[in-house]
Amino acid sequence: DDGSAVPVNENPLPVGSTGTWNVVATLPVPREGPGVTWGLDPADPTRAYLYVLGGRQNATTALTSWDLVPLTLAPDGSQAVGAPVVGTNPLGTARWKLGSSSATRDTSPVIAAGKTYVYGLAGFAANGTSLVSLAEGSEVQAGGQLKPWTTLPVLNRAGYANLVAGNFVFAFGGGGGSPTSTTVSGQICAAGVGGCGM
């Protein structure tokens, strides 16, 4: 709310509510069950990117490709959305229902200041039953493109929640691609595990 509108019969939304959803971009390729995460531009503090990784195009085709949506960040917290861009450096293996996360120095202290790493984690092959246990990491470059992906330790999950904290990725549910109450963690940042530039 920038203060320019005069309220007429509007009521405050309940705490935690979202506003009205609006279409802000149309991706170049349809993607079912992609991994979605964000990254900050290392050279421009007013720029961030939304990454849409992998996914399934149809019942027989999973994708290694990805797209990014540029965001311009204004001092008041608002965002201007740019046109989607096709990513270079595809994922190592096609998959959908994959997890995706990001990390900066705030979540993983060994990451250098000003850098963001994006992770494309395990998921399913196009058939929806075969696990693709590959996990990969890449660094955000100026302009939003990602460096070539680095292979990380295997993660046997699909259709799960995840987050990165303390140099680890944590996955919740989706064990073996099935509903489960289990969790698992794996290092993304350690000697010999190159998911953060080490």
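Just above sits the structure.
This one's a predicted model, so the numbers in the text were calculated from it and none came from an experiment.

Draft legend 1. Region of the structure containing the sheet that holds strand S16 (residues 183-187). An order of S14-S15-S16 is seen for the 3 strands of this open sheet, with the pairing classed as antiparallel. Strand pairing shows two members of the sheet lacking a second neighbour, strand S14 (161-165) and S16, which therefore form its edges. Adjacent strand axes in the sheet meet at a mean angle of 20 degrees when their direction is disregarded. Where S14 and strand S15 (residues 168-172) come together, 5 bridges link them in antiparallel fashion. Looking at S15, one finds that Val-164 is bridged to Val-169.

Draft legend 2. Structural detail: the sheet that holds strand S8 (residues 100-103). Taken together, 4 strands build an open sheet; the order of strands is S8-S9-S12-S13 and the sheet is antiparallel. Where the open sheet ends on each side, the last strands, each with one partner, are S8 and strand S13 (150-152). If you compare each strand with its neighbour and ignore which way they point, the axes differ by 25 degrees on average. Sheet analysis places strand S9 (residues 117-120) next to strand S12 (residues 135-139), joined by 4 bridges and oriented antiparallel. If you follow Val-118 over to S12, its bridge partner there is Ser-138.

The rules behind the values
- Residue numbers here run from 1 along each chain, matching the order of that chain's written sequence.
- Confidence filtering applies because this is a predicted model: local features only for residues at pLDDT of at least 70, side-chain atom pairs given and counted only at 80 or more, and all residues used for totals across whole chains, interfaces and linings.
- Where side-chain values are given, they derive from all heavy atoms of the structure, hydrogens and water being excluded.
- Being paired, for any two strands, means DSSP has found at least two bridges between them.
- The way it works is that DSSP assigns letters per residue, a run of H or I at least four long becomes a helix, a run of E at least two long becomes a strand, and they are numbered from the N terminus.
- Axis geometry follows a simple rule: fit a line to the C-alpha atoms, using only the stretch in contact for helices, then measure angles between N-to-C directions, giving values from 0 to 180 degrees.

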